[in-house]
Amino acid sequence: MKSAKKHAVSQSSSLAIVEANPPENKKVVPIDAPIVSSYNDRIRPLLDTVDRLRNLNVMKEGIQLPTIVVVGDQSSGKSSVLESLAGISLPRGQGICTRVPLVMRLQKSSSPEPEIWLEYGDKVVHTDEEHIAEAICAATDVIAGSGKGVSDAPLTLHVKKAGVPDITMVDLPGITRVPVNGQPENIYEQISAMIMKYIEPQESIILNVLSATVDFTTCESIRMSRQVDKTGERTLAVVTKADMSPEGLLHKVTADDVSIGLGYVCVRNRIGEETYQEARMQEELLFRTHPMLSLIDEDIVGIPVLAQKLMHIQATMIARCLPEIVRKINMKMENAVLELNKLPMVMASTGEALMTLMDIITSAKESLLKILIQGDFYEFPDEPKMHSTARLAEMLSQFSDTLQAKPEDVVTEFLMDEIKILDECKCVGLPNFIPRSAFLAILSEHVDVIHMKPVEFIRKIWDYIEGVLISVLSKYSENFPQIQSSIKRAGRSLITKTKEQAVNRVTEMVEMEKLTDYTCNPDYMKTWTEKTAMQQNFIHAVLNDVKEPEKFSLAGFGEVKISHLRKYHAHLLQQAFDMKMRITSYWTIVLRRIVDNLALYLQFSVKNLVNTQFQKEIVAEMVDPRGGGGVERMMEESPSVASKREKLKKSVKLLKESKDVVAAIVDQTSGFGDR
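Residues numbered from 1 in each chain as written. Predicted model: local features only at pLDDT ≥ 70, side-chain atom pairs only at ≥ 80, totals over all residues. Heavy atoms only, no water.

- Per an unreviewed UniProt entry, the chain goes by Dynamin-related protein 4C-like and derives from Brassica carinata.

Okay, structure coming up:
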């Protein structure tokens, strides 16, 4: 044990430290920070690789990198631990010293002159070792305000100097539950959310700073880290202020009541005006001679041990994460390249623009052919409104049912419309002939009642088709937002013309039914014969039945009132009954004929639209300068597409460079974590 202790003393004593604020009479020499003493050439390539990836800013592509995240309750000594590891001075004071995520990026430099600067937002502020703390406070005030509030906007501290390793650590605000004057009431929630954001990624190494003066089980930082790292496999605990509370510390770090998977390291931080070298010497002396602290295993005490553990843990985490980082880089690069290739090419001539326009219109035409005519909805499996043949069939069936439905009960008494028409159409002639003008008059009345229904139906149909056509045009022109409005306008113009033609054609169909009474459908004679078979019985019930019934049961009409007909002559009643049966038999055929004609015309006009009119009309309107000059506008890449193209190019370049960075190191790291 003693020899081991002597080795620790020798190791500690041989450490070279950079003094942050050396006395004026002392000569300042560049000395390595403690973490460098445990630097291992075998893991240097790993750290270099991650730092290069960080320099490339690969994290903005959603790829997390292994990072040491320092968390702890307020005033637990977090910043002091970072100072000891890096050999620089950070802000100190009462309350929350760290109010923003402080990303410390240490980079080894061959230059004897250190380079230190801060980055936040788009600002870069250069400073020096003597003024680091002041510069950090000033930058923090800019980011989080001059009060005591916090912000999750990061502040990055770059330190490039001799003897400093390439390593990145993040210091987060200390956890506080009770707001102090000037802090928002939800300060705890803000800090908690910030901490969880940084420690949740599986690539994060949680450096949980605990004060020896408190019960570890009550620490809020422990509770948070256990939420995201239940087994503690990526959590290392640093116990500060060992000299202030040595009683029971050995039991705390050996009992491990809070499941710290990576173990504990007990440290003594720099006090007052101590130099870093003096602080390390006092730390070594404390753990070697103190009656209680000397019982703690030397493998878990001291800043040098902490440095060595951190280096090994980070290297192991990097080796473990690299394969997944490679996989994510490859996947994201493939997706970015695929998305970039989907963007429209930048056109340099009118000819290229016209060819591209023709490709858009041809593709849209083929899509409409499948959707509107062939019933193929493979392109839009989850959009029922685009399954057009089914929707058109449904609309036609609904129209047919509505058109042929029996009209609501009308107050007009049975046969009275026919009697009035016959009375107005009578002429000098034989009494047993029904005037043809009377039949056409009653037929015209029937047509007038329903004449708007077919027109409304055809308008509804073309409104629906317009929606389908615009959806298809939008899909195939989505990469050319500069012409989308023009091509949609051309599509709507085409549908407007077609709809107007369709309305005129349907109006003609309906009006033709008024002109003459004709059908070759044998159902007319069959139905009329069946209905007129009851004529004699009906007339007898009206005029000759001694019981004078109020109603008569008539097939197809149900119970009809007949008492009001007794004042009319049998001859007129026979004519009215006959015309009623004729118009009823014929009207069924008329309605079906309208539905049939509409169905045939719909099929014809849709095919004509897709096969003939669509391409011709759209192209004509798009190339017409009066219509907005669609072809010329295609040569003008829209700002949104140009921005997207540039962003994707940058992503592909970044990811390719990142892929090259990790490619050389992956094979070297296989099995590193098992060593």
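The rest of the description comes next.
So, the overall build of the chain
Phase 1 of the analysis: Within the chain, the secondary structure is distributed over 21 helices and 11 strands.
Phase 2 of the analysis: For the chain, the residues scored as buried account for 48% of the 675 residues in total.
Phase 3 of the analysis: Nonlocal contacts in the chain, meaning residues at least 24 apart in sequence, comprise 78% of its contacts between residues at least 6 apart.
Phase 4 of the analysis: About 33,800 Å² of surface is accessible on the chain, with carbon and sulfur atoms providing 53% of the total. (Helix = DSSP H or I, 4+ residues; strand = E, 2+ residues; numbered from the N terminus. Buried < 20%, exposed > 50% of the residue type's maximum accessible area, 1.4 Å probe, protein only. Contact = heavy atoms within 4.5 Å. Areas by Shrake-Rupley, 256 points an atom, 1.4 Å probe, with all protein chains shown as cover.)

Some thoughts on the layout of surface pockets
Phase 1 of the analysis: When its volume is computed, the largest pocket comes out at roughly 1,600 Å³.
Phase 2 of the analysis: What lines the largest pocket is a set of 42 residues, and nearest its centre among them are Lys406, Pro407, His446, Phe557 and Lys580.
Phase 3 of the analysis: For the lining of the largest pocket, the element with the highest residue contribution is helix α19 (residues 570–623), accounting for 9 residues.
Phase 4 of the analysis: Tallied by class, the residues present in the lining of the largest pocket amount to 18 nonpolar, 10 polar and 14 charged.
Phase 5 of the analysis: Looking at the second largest pocket, it is lined by 28 residues, and the ones nearest its centre are Asn57, Met59, Val103, Pro154 and Tyr198.
Phase 6 of the analysis: For the lining of the second largest pocket, the secondary structure elements donating two or more residues are α3 (44–55), β1 (67–72), β2 (102–108), β3 (115–120), β4 (123–127), β6 (167–171) and α6 (187–199).
Phase 7 of the analysis: By residue number, the principal contributor to the lining of the second largest pocket is α3, which donates 3 residues.
Phase 8 of the analysis: Considered class by class, the residues forming the lining of the second largest pocket number 12 nonpolar, 8 polar and 8 charged. (1 Å grid on protein atoms, 1.4 Å probe; cavity = no way out; pocket = protein on both sides within 12 Å on 5 of 7 lines; lining within 4 Å. Points joined across faces, edges and corners; volume = space filled by probe spheres on them. Nonpolar A, V, L, I, M, F, W, Y, C, P; charged D, E, K, R; others polar.)

Digging into the pattern of salt bridges
Phase 1 of the analysis: For the structure shown, the criterion picks out 25 salt bridges.
Phase 2 of the analysis: A salt bridge links Glu203 to Lys328; the shortest N-O distance between them is 3.8 Å. Of this pair, Glu203 sits in the loop between α6 and β7 (204–211) while Lys328 is found in helix α10 (residues 303–342), placing the two residues 125 residues apart along the sequence. Here Glu203 matches Lys328 in class, with each residue buried.
Phase 3 of the analysis: A salt bridge links Arg492 to Glu466; the shortest N-O distance between them is 3.8 Å. Taken together, the residues span a long stretch of sequence, with Arg492 in helix α16 (residues 481–515) and Glu466 in helix α15 (residues 452–476) at a distance of 26 residues.
Phase 4 of the analysis: When salt bridges with common partners are traced through the structure, they connect Asp243, Arg268 and Glu274 into a single cluster. (Salt bridge = Lys/Arg side-chain N within 4 Å of Asp/Glu carboxyl O.)

Overview of the packing of aromatic side chains
Phase 1 of the analysis: Tallied over the full model, the rule gives 8 aromatic pairs.
Phase 2 of the analysis: Ring centres of Phe414 and Phe557 lie 5.6 Å apart, and the angle between their planes is 65 degrees; this geometry places the pair in the edge-to-face category. Here Phe557 lies in the loop between β10 (551–554) and β11 (558–561) and Phe414 lies in the loop between α12 (388–404) and α13 (416–424), a separation of 143 residues in the sequence.
Phase 3 of the analysis: Sitting over the ring of Phe216, Lys252 keeps its end group 4.8 Å from the ring centre.
Phase 4 of the analysis: Over the face of the ring belonging to Phe380 we find Lys475, whose NZ or CZ atom lies 4.9 Å from the ring centre. (Phe/Tyr/Trp six-rings, centres within 6.5 Å; stacked < 30°, edge-to-face > 60°. Lys NZ or Arg CZ within 6 Å of the ring centre and 35° of its normal.)

Focus on the packing of α13 against α19
Phase 1 of the analysis: Two numbers describe how α13 lies on α19: the axes approach to 9 Å, and their chain directions differ by 115 degrees. Classified by the angle between their axes, α13 and α19 sit roughly perpendicular to one another. Of the two possible hands of crossing, α13 and α19 adopt the one that is right-handed. For the pair formed by α13 and α19, the contact residues are Glu418, Ile419, Ile421 and Leu422 on the first element and Leu572, Leu573, Gln575, Ala576, Met579, Lys580 and Ile583 on the second.
Phase 2 of the analysis: When the residues that make up the contact of α13 with α19 are grouped by side-chain class, the tally is 8 nonpolar, 1 polar and 2 charged. (Axes fitted to C-alpha atoms, helices over the stretch in contact; angles between N-to-C directions. Parallel < 35°, antiparallel > 145°, perpendicular 65-115°, else oblique. Left-handed = near helix turned anticlockwise from the far one by under 90°.)

Describing the sheet that holds β4
Phase 1 of the analysis: The sheet built from 9 strands is open, its strands ordered β4-β3-β5-β2-β6-β1-β7-β8-β9 with mixed pairing. Edge positions in the open sheet fall to β4 and β9 (264–266), since each of these has one partner strand only. Within the sheet, the average angular offset between the axes of one strand and its neighbour, ignoring direction, is 20 degrees.
Phase 2 of the analysis: Sheet topology places strand β8 (residues 235–240) next to β9; 3 bridges connect them, and they run parallel. When the bridges of β9 are listed, Ala237 appears paired with Tyr264.
Phase 3 of the analysis: Against the sheet, helix α4 (residues 78–86) contacts β1, β2, β5 (155–161), β6, β7 and β8, and its axis sits at roughly 165 degrees relative to β6. (Pairing = 2+ DSSP bridges.)

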